[in-house]
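Here is how the chains run, residue by residue.
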Amino acid sequence: MSSSPDYFGEDTAIFANKELLQVSHLPDGDQIIGREEELKNLGSALRPALNGNTPSNVFLYGKTGTGKSLCSKFISRQMMQRAADNGIRAGFAYVDCLQDSTETQAVQSAGHQLNDPDQTEITIPQSGLSTAAYYKRLWDIIENHYDVAIIILDEVDKLESDHILMQLSRAVESGKLEDSKLGVIGISNKIRYKDDLNERIKSSLCERDYVFPPYDANQLREILYSRDDAFVDDVLDQPVIPHVAALAAQEHGDARQAIDILRYAGEIAEEHGDETVREEHVSLAQEKEEQNRIAELISKAPTHTRYVLLALAFRVQQSTDSAPEIPNKDVYETYQHICEQENSDPLKQRRVRDLLNELEFLGIIKQDRRGRGRGKGGYTVNHLVDEPELVLRACKEDPSPT
DNA sequence: CCTCCACAGGAATTTGCGGGGT
DNA sequence: ACCCCGCAAATTCCTGTGGAGG
């Protein structure tokens, strides 16, 4: 950090309650903006659970940051409390399928969240069990300790197999669960996801589906204003919130992004020792948000994926072209150099191709097929979506925790 | 228009890990 | 203590492919 002798800094002149700007912050009911309709729909789908009956399964669609996860967690929590008032044991598990993308991991995660080892005397190890064994423990937990359970599958489209959907939807009829009820909330970014599912799953899991539209600039503004208690009174320049809202609305109507940018703007003002948050902080904040998004994506990725991305970023940076296209082979060469520096055995080309495909899937890079010819063969070229400097900084940032 | 080559990517196989059962 | 299993990551092996050069 800096050479300041006071490591805690001055009493912050900017933030009064920063927690309000955490994305994970779950607001009280009247603070969810612009999603009244959606909450009402979800509520009616889960209503049967309040009396220990089977809730409807729901599918939610919408882009990131449109409040899908927020609303489903919020409504599930309310359901738990209301059910408890009725003497019903209810619980829910929130599974992020982006992190837990295999069937086993997803089942493990759900079981882990619903499990209370002190009470159930069942343990859910991180790994090592067969998929079937994880299922068995999950059913045991639900059957013995809950009357109703809700499993929220966020980003279901990232699941590699839809087998788990089949299992969950059939849990009751196949006799896995006898007394307890199970509801599933599926969340997807892709509107078309449902079309790819087979009829069985579709009919049982998609009893209801709702689309979450992006927030418009007005709603984003309201959302930001609803959280402006996070700041000390009067430190926000009047145009800041509208500006952030407009930026985010322009991109994807993503509330998470808007909140992040606002928070960063505050942090940047704080670091500069400024007394107010001004528009000039906002553009810096936008850049930082971009960098952090990448850092977060790659922090979940294995070391070599990061090397591959680094290799591409280096090539792009060195290129004089304004829109550089780097062939896979060149990326691989640079990647080998990086591995040498890092004292780590390079993966084979085949694997690196797969890693590049994964990076494209994460939306960090774009790929294109390029011309072939006699004696040349065909090849794939890679572009960075963001600025190479941002990527490089993001890669360096986290020295891998876990 | 046909050919031909270097690369793409599917499939099969191996390796490594974490944790059961006996 | 031992062996064994299932999974994911990595590797090996292989076939398919598009379009510039002939």
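Residues numbered from 1 in each chain as written. Chains lettered and ligands numbered in written order. Predicted model: local features only at pLDDT ≥ 70, side-chain atom pairs only at ≥ 80, totals over all residues. Heavy atoms only, no water.

Draft legend 1. Up close: unusual backbone geometry. Notably, Glu155 is not glycine yet its phi reads approximately 55 degrees, a positive angle. Mapped onto the secondary structure, Glu155 falls in the loop between strand E3 (148-154) and helix H6 (163-170). The buried category is assigned to Glu155, whose relative accessible area is 15%. Its identity as a non-glycine residue notwithstanding, Asn343 has a phi of 60 degrees, on the positive side. (Helix = DSSP H or I, 4+ residues; strand = E, 2+ residues; numbered from the N terminus. Buried < 20%, exposed > 50% of the residue type's maximum accessible area, 1.4 Å probe, protein only.)

Draft legend 2. How the structure looks around the state of the cysteines. The final tally for this structure, using the stated rule, is zero disulfides. In this structure Cys339 is not part of a disulfide, and its nearest cysteine sulfur, from Cys395, lies 13 Å away. The exposure class assigned to Cys339 is buried, which follows from its relative accessible area of 0%. (Disulfide = S-S within 2.5 Å.)

Draft legend 3. Molecular detail of the nonpolar core. If you look at the biggest cluster of nonpolar residues, it comprises 35 residues, and the most contacted ones within it are Trp139, Leu153 and Leu182. For this core, the elements supplying multiple residues, two or more each, are strand E1 (58-61), strand E2 (90-96), helix H3 (103-114), helix H5 (131-145), E3, H6, strand E4 (181-188) and helix H8 (199-205). If one sorts the elements of this core by residue count, H5 sits on top with six residues. Apart from the residues within four sequence positions on either side, Trp139 is in contact with Gln167, Leu168, Ala171, Lys176, Leu177 and Leu182. (Core = buried A, V, L, I, M, F, W, Y, C linked by side-chain atoms within 4.5 Å. Contact = heavy atoms within 4.5 Å.)

Draft legend 4. Examining the pattern of salt bridges more closely. Evaluation of the coordinates by the stated rule reveals 14 salt bridges. Between Arg35 and Glu38 there is a salt bridge, with the nearest N and O atoms lying 4.0 Å from each other. The class for Arg35 is buried, based on a relative accessible area of 1%. Owing to a relative accessible area of 10%, Glu38 belongs among the buried residues under this scheme. A salt bridge links Asp386 to Arg293; the shortest N-O distance between them is 3.8 Å. (Salt bridge = Lys/Arg side-chain N within 4 Å of Asp/Glu carboxyl O.)

Draft legend 5. Seen up close, the side chain of Asp260. Looking at where Asp260 falls in the secondary structure, it is placed in helix H11 (residues 255-271). Look at Asp260 and you get buried, because its relative accessible area is 12%. Among residues more than four places away in sequence, those in contact with Asp260 are Val23 and Glu289.

Draft legend 6. Quick look at the sheet that holds E2. A sheet is described by the order of its strands in space; here five strands give the open sequence E2-E3-E4-E1-E5, paired in parallel fashion. The sheet terminates laterally at E2 and strand E5 (208-211), the two strands that pair on one side only. Put simply, the sheet's adjacent strands are angled 15 degrees from each other on average, direction ignored. In this structure, E1 lies alongside E4, joined through four bridges in parallel fashion. The residue bridging Phe59 from the neighbouring strand is Gly186, located in E4. Across the sheet, H3 is in contact with E2 and E3; its angle to E2 comes to roughly 145 degrees. (Pairing = 2+ DSSP bridges. Axes fitted to C-alpha atoms, helices over the stretch in contact; angles between N-to-C directions.)

Draft legend 7. How the structure looks around the protein's contact with DNA strand C. Neighbouring DNA strand C are 13 residues; Thr102, Thr131, Lys348, Arg351 and Arg372 lie closest to it. Backbone atoms, meaning sugar plus phosphate, form 77% of the atoms of DNA strand C positioned within 4 Å of the protein. Here Lys348 contributes a backbone N or O atom positioned 3.0 Å from a phosphate oxygen of DNA strand C. Grouping the constituent residues of the surface near DNA strand C by class yields one nonpolar, seven polar and five charged. (Near = heavy atom within 4 Å. Polar contact = N/O pair within 3.5 Å; in protein donor to acceptor, adjacent residues only side chain to side chain. Nonpolar A, V, L, I, M, F, W, Y, C, P; charged D, E, K, R; others polar.)

Draft legend 8. Main features of the confidence of the model for chain A. Scored by pLDDT, chain A comes out at a mean of 83, with 89% of its residues at no less than 70. For the stretch residues 1-5, pLDDT sits under 50, and the model shows zero contacts to residues farther than four places along the chain or on other chains. (pLDDT = per-residue confidence, 0-100.)

Draft legend 9. Focus on the sheet that holds strand E7 (residues 365-370). Strand order in the open sheet made by the three strands is E6-E8-E7, with antiparallel pairing throughout. If you trace the sheet from one side to the other, it starts and ends with strand E6 (326-327) and E7, each paired once. When E6 meets strand E8 (residues 379-384), the two strands line up antiparallel, connected through two bridges. Bridging across to E8, Ile326 finds its partner in Asn382. Where helix H13 (residues 303-318) meets the sheet, it contacts E6, E7 and E8, and its direction lies at approximately 80 degrees from that of E8.

Draft legend 10. Highlighting the packing of helix H10 (residues 240-251) against helix H12 (residues 279-299). Look at H10 against H12: their axes get within 9 Å of each other, and the N-to-C directions meet at 30 degrees. In terms of orientation, H10 lies roughly parallel with respect to H12. Between H10 and H12 lies a crossing whose hand is right-handed. For the pair H10 and H12, the contacting residues are Val240, His243, Val244, Leu247 and Glu251 in the first and Glu279, Val282 and Gln286 in the second. Grouping the amino acids of the contact of H10 with H12 by side-chain chemistry returns four nonpolar, two polar and two charged. (Parallel < 35°, antiparallel > 145°, perpendicular 65-115°, else oblique. Left-handed = near helix turned anticlockwise from the far one by under 90°.)

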